[in-house]
Amino acid sequence: MKSIFCSDMHNVIGVKSTDRTHRNLAYRIREDLTRFEQLTIGTVELPSILITGYNTYMSFGGTEEECEQVLNTFKSTNRSLWTLTHKKLTSTIDNLKYFNSYDDIIDEYTKNINKYTFWIVGGSEIYKLFESVTDTIYQTLVLHNNYADHATETLICYEIPDYFENDINEAKCDLKG
């Protein structure tokens, strides 16, 4: 599995918002969002599965219905979403699956390991939960502490090939613009 996230130097990946606007994303940076799109896009031969927790899933919209509308657009990019939640939910669209346990996701992952590219996309508890099965990490690092100034971000994009080694290779990421 691969993990992908944007964080600052204090490892902040998300913020809690009382109005749910852009909930769970500390930074909404065009270059980072484009990079996310490019990396997680699937192919007909090898579609992508994005694995999230419920809060990250809800960050795609404000309600479950809005989230499902967003996920309908994922179909054209050969992506599906698997969401880990303790809620008893059922999906009305074919590229969204709800799971009630880590073991259920791992069972499905094991059965389909060669059929999909698997991406862990958050939140923080999901990254921790899937740490032992993560082999590659894609991180966009924001090099400042000003959450309000998103127009002048200074970014470094890293691809960490092996989670348990210290080798860090700069990923191809065009940050000009």
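Numbers given to residues run from 1 along each chain, matching the order in which its sequence is written. Local features in this predicted model are restricted to residues of pLDDT 70 or higher, and side-chain atom pairs are both shown and tallied only at a pLDDT of 80 or more, whereas totals for entire chains, interfaces and linings draw on every residue. Think of the side-chain values as coming from all heavy atoms in the structure, minus any hydrogens and water.

Quick rundown of the pattern of salt bridges? Include the residues and the values.
When a carboxyl oxygen of Asp or Glu lies within 4 Å of a side-chain nitrogen of Lys or Arg, that pair is called a salt bridge. Considering all chains together, one arrives at six salt bridges under this definition. Measuring nitrogen to oxygen at the nearest pair gives 3.0 Å for the salt bridge that ties E37 to R79. Taken together, the residues E37 in helix 1 (residues 30–40) and R79 in strand 3 (residues 79–84) connect sequence positions 42 residues apart. Buried, partly exposed and exposed residues are distinguished by accessible area as a fraction of the type maximum, computed with a 1.4 Å probe on protein chains only: under 20%, between the cut-offs, and over 50%, respectively. Judged by relative accessible area, E37 falls into the partly exposed class, the value being 32%. Among the salt bridges present, the one from K97 reaches E108, with a minimum N-O distance of 3.4 Å. With K97 in strand 4 (residues 96–99) and E108 in helix 4 (residues 102–112), this pair connects stretches of sequence that are eleven residues apart. Runs of H or I in DSSP of at least four residues are treated as helices and runs of E of at least two as strands, each being numbered from the N terminus.

Give me the lowdown on the packing of aromatic side chains, citing residues and values where you can.
Each aromatic pair joins two rings of Phe, Tyr and Trp (for Trp, the six-membered one) with centres within 6.5 Å, and gets the label stacked for planes under 30 degrees apart, edge-to-face for over 60, and tilted for any other angle. All chains considered together, the criterion is met by nine aromatic pairs. Ring centres of Y102 and F130 lie 4.9 Å apart, and the angle between their planes is 55°; on these two criteria the pair is classed as tilted. Of this pair, Y102 sits in helix 4 while F130 sits in the loop between helix 5 (124–129) and strand 6 (136–142), and the two are 28 residues apart along the sequence. Members of the aromatic cluster, each reached through a chain of ring pairs, are W82, F99, Y109, Y116 and F118.

The analysis is restricted to geometry; functional conclusions fall outside its scope.
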